[in-house]
Amino acid sequence: MVSSESPIRGSPFATCPLQNRVTPTGEIIATPHRGLFTGNRGIIHDPATKTLLNKRWSSPAWITCLCEFRGWRRPVMARRSWTELFFLDEATAFAAGHRPCFFCRRDDANRFRAAWERGNGASKVSAKAMDAQLHLERLDHGRKRLHALPVPLAELPDGAMVQQGEQSFLMTRGRPLLWSPAGYARVEYELEGPMLLTPPSTLRALNAGYQPALHPTALD
């Protein structure tokens, strides 16, 4: 499962990035910037053209995977199998509505499930049950569902993400950082009326102790 974000060398697609990077709002864009994680939502591309179909998901299991696993090499969008998507970091994937993969990230997935159960007052939750709940929380008639903040902005846990206008922000150490495909940047202004991007059930898992992997620019 060592996935490559770049088109195959020598292919007619080698000069432009593929549309396979996921934003915190769940959109899938083309950008040359790389991310820390890959993942998928099922098959949503045409391998002949390496372009996305009209749909943006074919399964309620939206997962986040390792870019390197067991030395496997997987050309991107090269066959009719799951569509390789990429994320700046785990906070971005969570905001879009994804969860850790139980195959290549079993330890992380089990830690996430344990935090999910603590935060949501549940027990013996299956991956299928988490997927069903996330599907309700991430979409609103096919578009990204936004949620009201359950607490003041500065009290959100590290790794939560919010939206103000067209901009997405990561919360860490009680302050917002502006998201971009290249990483995070500090802001010198206060957010006014932001909405929560991270699904509420995932937010409760963060509050219960799950620590998402953040891009190095969030740790400066």
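For the structure, check the block above.
In short, a report on the structure. (Residues numbered from 1 in each chain as written. Predicted model: local features only at pLDDT ≥ 70, side-chain atom pairs only at ≥ 80, totals over all residues. Heavy atoms only, no water.)

**Side note on the pairing of strand S14 (residues 167-172)**
Reasoning step 1: Summarising burial for S14: 5 of the 6 residues are buried, a large majority.
Reasoning step 2: As defined by bridge partners, strand S13 (residues 161-164) adjoins S14 across 4 bridges and the pair is classed as antiparallel. Across the sheet, residue Met161 finds its bridge partner in S14, namely Leu170.
Reasoning step 3: In this structure, the hairpin formed by S13 and S14 is closed by a connection of 2 residues, where Gly165 is found at a positive phi of approximately 60°.
Reasoning step 4: Sheet topology note: the S14/strand S15 (residues 175-180) ladder contains 4 bridges and is antiparallel. In the sheet register, Phe169 faces S15, and the bridge partner there is Leu178.
Reasoning step 5: Between S14 and S15, which pair antiparallel and follow one another directly, the connecting turn spans 2 residues, one of which, Arg173, has a positive phi of 55°. (Buried < 20%, exposed > 50% of the residue type's maximum accessible area, 1.4 Å probe, protein only. Helix = DSSP H or I, 4+ residues; strand = E, 2+ residues; numbered from the N terminus. Pairing = 2+ DSSP bridges.)

**Concerning the nonpolar core**
Reasoning step 1: Of all hydrophobic cores here, the largest spans 22 residues; its most connected members are Phe112, Trp116, Met130, Leu153, Leu156, Val162 and Tyr210.
Reasoning step 2: Residue assignment for this core shows that the elements contributing at least two residues are helix H2 (106-120), helix H3 (127-138), S14 and helix H4 (200-207).
Reasoning step 3: Broken down by element, the residue count for this core peaks at 4 residues, all from H2.
Reasoning step 4: With residues near it in sequence (within four places) discarded, Val162 still touches Leu149, Leu153, Leu156, Gln167, Ser168, Phe169, Leu191, Pro194, Met195, Leu196 and Leu197. (Core = buried A, V, L, I, M, F, W, Y, C linked by side-chain atoms within 4.5 Å. Contact = heavy atoms within 4.5 Å.)

**Some points on the packing of H3 against H4**
Reasoning step 1: For the pair H3 and H4, interaxial distance at closest approach is 8 Å and the crossing angle is 115°. Taken as axis vectors, H3 and H4 run roughly perpendicular relative to one another. Where H3 abuts H4, its residues Gln133, Leu134 and Glu137 lie against Pro200, Ser201, Thr202 and Arg204. (Axes fitted to C-alpha atoms, helices over the stretch in contact; angles between N-to-C directions. Parallel < 35°, antiparallel > 145°, perpendicular 65-115°, else oblique.)

**Focus on the pairing of strand S7 (residues 63-66)**
Reasoning step 1: Alignment of strand S4 (residues 37-40) against S7, held across 4 bridges, turns out to be antiparallel. Across the sheet, the residue bridging to Phe37 is Leu66, located in S7.
Reasoning step 2: One ladder, built from 2 bridges, connects S7 with strand S10 (residues 99-100); its direction is parallel. Paired with Thr64 across the two strands is Pro100, which belongs to S10.

**Let's talk about the side chain of Gln163**
Reasoning step 1: Note that Gln163 resides in strand S13.
Reasoning step 2: For Gln163, a relative accessible area of 9% puts it in the buried group.
Reasoning step 3: Among the polar contacts listed, one links the side chain of Gln163 to the backbone oxygen of Gly165, at a separation of 3.2 Å. (Polar contact = N/O pair within 3.5 Å; in protein donor to acceptor, adjacent residues only side chain to side chain.)

**With respect to the side chain of Glu90**
Reasoning step 1: One can find Glu90 in helix H1 (residues 90-96).
Reasoning step 2: Polar side-chain contacts of Glu90 include one of 2.8 Å to the side chain of Arg105.
Reasoning step 3: Residues within four places of Glu90 in sequence aside, it is in contact with Phe37, Pro100, Arg105, Tyr210, Gln211, Pro212 and Ala213.

**A closer look at the packing of aromatic side chains**
Reasoning step 1: Enumeration over the complete set of coordinates arrives at 7 aromatic pairs.
Reasoning step 2: With 5.5 Å between their ring centres and 70° between their planes, Phe69 and Phe103 make a pair best called edge-to-face. Highlighted residues: Phe69 in the loop between S7 and strand S8 (73-74) and Phe103 in the loop between S10 and H2, separated in sequence by 34 residues.
Reasoning step 3: Among the residues examined, Phe103 registers a relative accessible area of 45% and is labelled partly exposed.
Reasoning step 4: Following the ring pairs from residue to residue traces out a cluster consisting of Phe94, Phe112, Trp116 and Tyr210.
Reasoning step 5: Against the face of Trp62 rests Arg138, its NZ or CZ located 4.0 Å from the ring centre. (Phe/Tyr/Trp six-rings, centres within 6.5 Å; stacked < 30°, edge-to-face > 60°. Lys NZ or Arg CZ within 6 Å of the ring centre and 35° of its normal.)

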